[in-house]
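Okay, here's what each chain looks like letter by letter:
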Amino acid sequence: MKSPALILAALLIASAAAGASLLVGNILWFGQQGLLLRAVLFLLPVLAALTGAWLVLRTRSPRTARLLALACIPVLIGVFGYFLFWMPRFADSVLSIEMVEQRLITDSSSNALVEIGFAFPIFTPTVKLRNGELFSREVDVYLRMIDSDGRPMLYRAVREEVPPGTLNVEATVRGMLSANERYLFLPVRLAPGEEITGRLVFVITALDEGASFMGEMRRANLVQFELRDAAEGELLLEVPVAR
């Protein structure tokens, strides 16, 4: 084999590996693109790798090289068929949230409260979130309650970025928990088909003094999670919380 062909094959295989790595490392961005563009972007590193392998094999094993060239046809059909036909028709197209565990951050000196300048319960349920839709999603998660007296309460989970200069409970809690990878902060970002599990953080600020949050949850007329689009605020999903 001539050295230019070998060099070209090496470059194609290296570019295929780099392209695949970029797609894997930017899966959220990839999920925001149209289905046709996704098919093309997915194919580029695959075809580059096949072409590089063909250049290596065409003189050493012509028969294998021919079979490799023919394999490009089902690859093209399969990738375009998956992105343009199968996904729009058979993907479940559903967002979901499921509570795996209920938990309060507790401190024995504060009777199940965390002292952070104010005495508020910090509710940290472990949840499983899944994006079955065709495109990436950025969602905010709210906890809505209607207590036994009919009073409505709405809590937004703690955000990743609290507005600059904000000195409040949310900013304090965010700073306390930021080093722990178990916690999820808003917005929660999900690529198509992605499922993540982690702890959301709700600062419970509307309880009467001395009231038990878990007790209020058990007595409440309604407790549910709400998923909303992070940019538009559109309500996407309401899921009752098991008590």
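Chains are numbered independently. Their residues run from 1 in the order of the written sequence. Per-residue local features of the predicted model are confined to residues with pLDDT of at least 70, and side-chain atom pairs are confined, for both listing and counting, to 80 or more; whole-chain, interface and lining totals are unaffected and use all residues. Only hydrogens and water are set aside; all other atoms, that is, all heavy atoms of the structure, feed into the side-chain values.

Further remarks concern the nonpolar core. Definition of nonpolar core: a set of buried residues of the types Ala, Val, Leu, Ile, Met, Phe, Trp, Tyr and Cys, connected through side-chain atoms within 4.5 Å. Exposure classes here rest on a 1.4 Å probe applied to the protein chains alone. A residue is buried below 20% of its type maximum, exposed above 50%, and partly exposed in between. With 31 residues, the main nonpolar core has L143 and F202 as its most contacted residues. Elements are defined by DSSP. Helices are runs of H or I of four residues or more, strands are runs of E of two residues or more, and each kind is numbered from the N terminus. Elements with a minimum of two residues in this core: β1 (95-101), β6 (126-131), β7 (137-146), β8 (152-156), β9 (188-190), α6 (213-219) and β12 (222-229). In what follows, a contact means two residues having at least one pair of non-hydrogen atoms within 4.5 Å. Sequence-distant contacts of L143, defined by excluding residues within four places in its chain, comprise F123, M153, L154, Y155, F202, F213, V223, Q224, F225 and V241.

This next bit is on the packing of helix α3 (residues 35-60) against helix α4 (residues 62-90). For the pair α3 and α4, the least separation of the axes is 9 Å and the interaxial angle reads 175°. Considered as vectors, α3 and α4 are oriented roughly antiparallel to each other. For the contact of α3 with α4, the per-class residue count stands at 25 nonpolar, 2 polar and 3 charged. To define axes, lines are fitted to C-alpha atoms, for helices over the stretch in contact only, and angles between the resulting N-to-C directions are given on a 0 to 180 degree scale. The labels follow the angle: roughly parallel below 35 degrees, roughly antiparallel above 145, roughly perpendicular from 65 to 115, and oblique for the rest. Residues are grouped as follows: Ala, Val, Leu, Ile, Met, Phe, Trp, Tyr, Cys and Pro are nonpolar; Asp, Glu, Lys and Arg are charged; every other residue, Gly included, is polar.

Right, let's talk about the pairing of β6 for a bit. Strand pairing requires that DSSP identify at least two bridges connecting the strands. Two elements, β1 and β6, share 6 bridges in a ladder whose sense is antiparallel. Counterpart to S96 in the pairing with β6 is R130. The pairing of β6 with strand β10 (residues 195-199) spans 5 bridges and is antiparallel. Following the sheet pairing, K128 is matched in β10 by T197.

The next thing to look at is the sheet that holds β10. Taken together, the 3 strands give an open sheet; going across it, the order is β1-β6-β10, and neighbouring strands pair in antiparallel fashion. This sheet does not close on itself; its edge strands, each paired only once, are β1 and β10. Strand-to-strand twist across the sheet, computed as the mean angle between neighbouring axes with direction ignored, equals 20°.

All right, on to the environment of V239 then. Considering the arrangement of structural elements, one finds V239 in strand β13 (residues 235-240). In this structure V239 comes out as buried when scored by relative accessible area, which is 18%. Residues V239 and V223, spaced 16 residues apart in sequence, show a C-alpha to C-alpha distance of 8.7 Å.

Right, let's get into a nonpolar patch on the surface. Exposure above 30% relative accessible area and the absence of a salt bridge qualify a residue for a patch, where like charges join within 9 Å and nonpolar side chains (Val, Leu, Ile, Met, Phe, Trp, Tyr) within 5 Å. We get accessible surface area from the Shrake-Rupley algorithm with a probe of 1.4 Å; when it comes to residues, only the shown protein chains can shield them. By definition here, a salt bridge exists when the distance from a side-chain nitrogen of Lys or Arg to a carboxyl oxygen of Asp or Glu is within 4 Å. Together, L36, L37, V40, L44 and L84 line one region of the surface with nonpolar side chains, adding up to about 420 Å² of accessible area. With 4 residues, the single largest contributor to the nonpolar patch is α3. Take V40: its relative accessible area is 35%, and that puts it in the partly exposed class.

Between helix α1 (residues 3-25) and α3, the least distance of the axes is 8 Å, while the angle of their chain directions is 155°. What the angle tells us is that α1 and α3 run roughly antiparallel. Between α1 and α3 the crossing geometry is left-handed. Across from A5, L8, A9, L12, I13, S15, A16, G19, A20 and L23 in α1, the residues of α3 making contact are L41, F42, P45, A48, A49, T51, G52, A53, L55, V56 and R58. Residues belonging to the contact of α1 with α3 are distributed by class as follows: 16 nonpolar, 4 polar and 1 charged. The hand of a helix crossing depends on one turn: near helix anticlockwise from the far one by less than a right angle means left-handed, and clockwise means right-handed.

This paragraph deals with α1. One less than the residue count of a helix, multiplied by 1.5 Å, gives the span that helix is expected to have. Here α1 spans 33 Å end to end across 23 residues, near enough to the 33 Å set by a 1.5 Å rise per residue. Residues of α1 that are buried: A5, A9, A16 and L23. The secondary structure elements touched by the buried residues of α1 are α2 (27-32) and α3.

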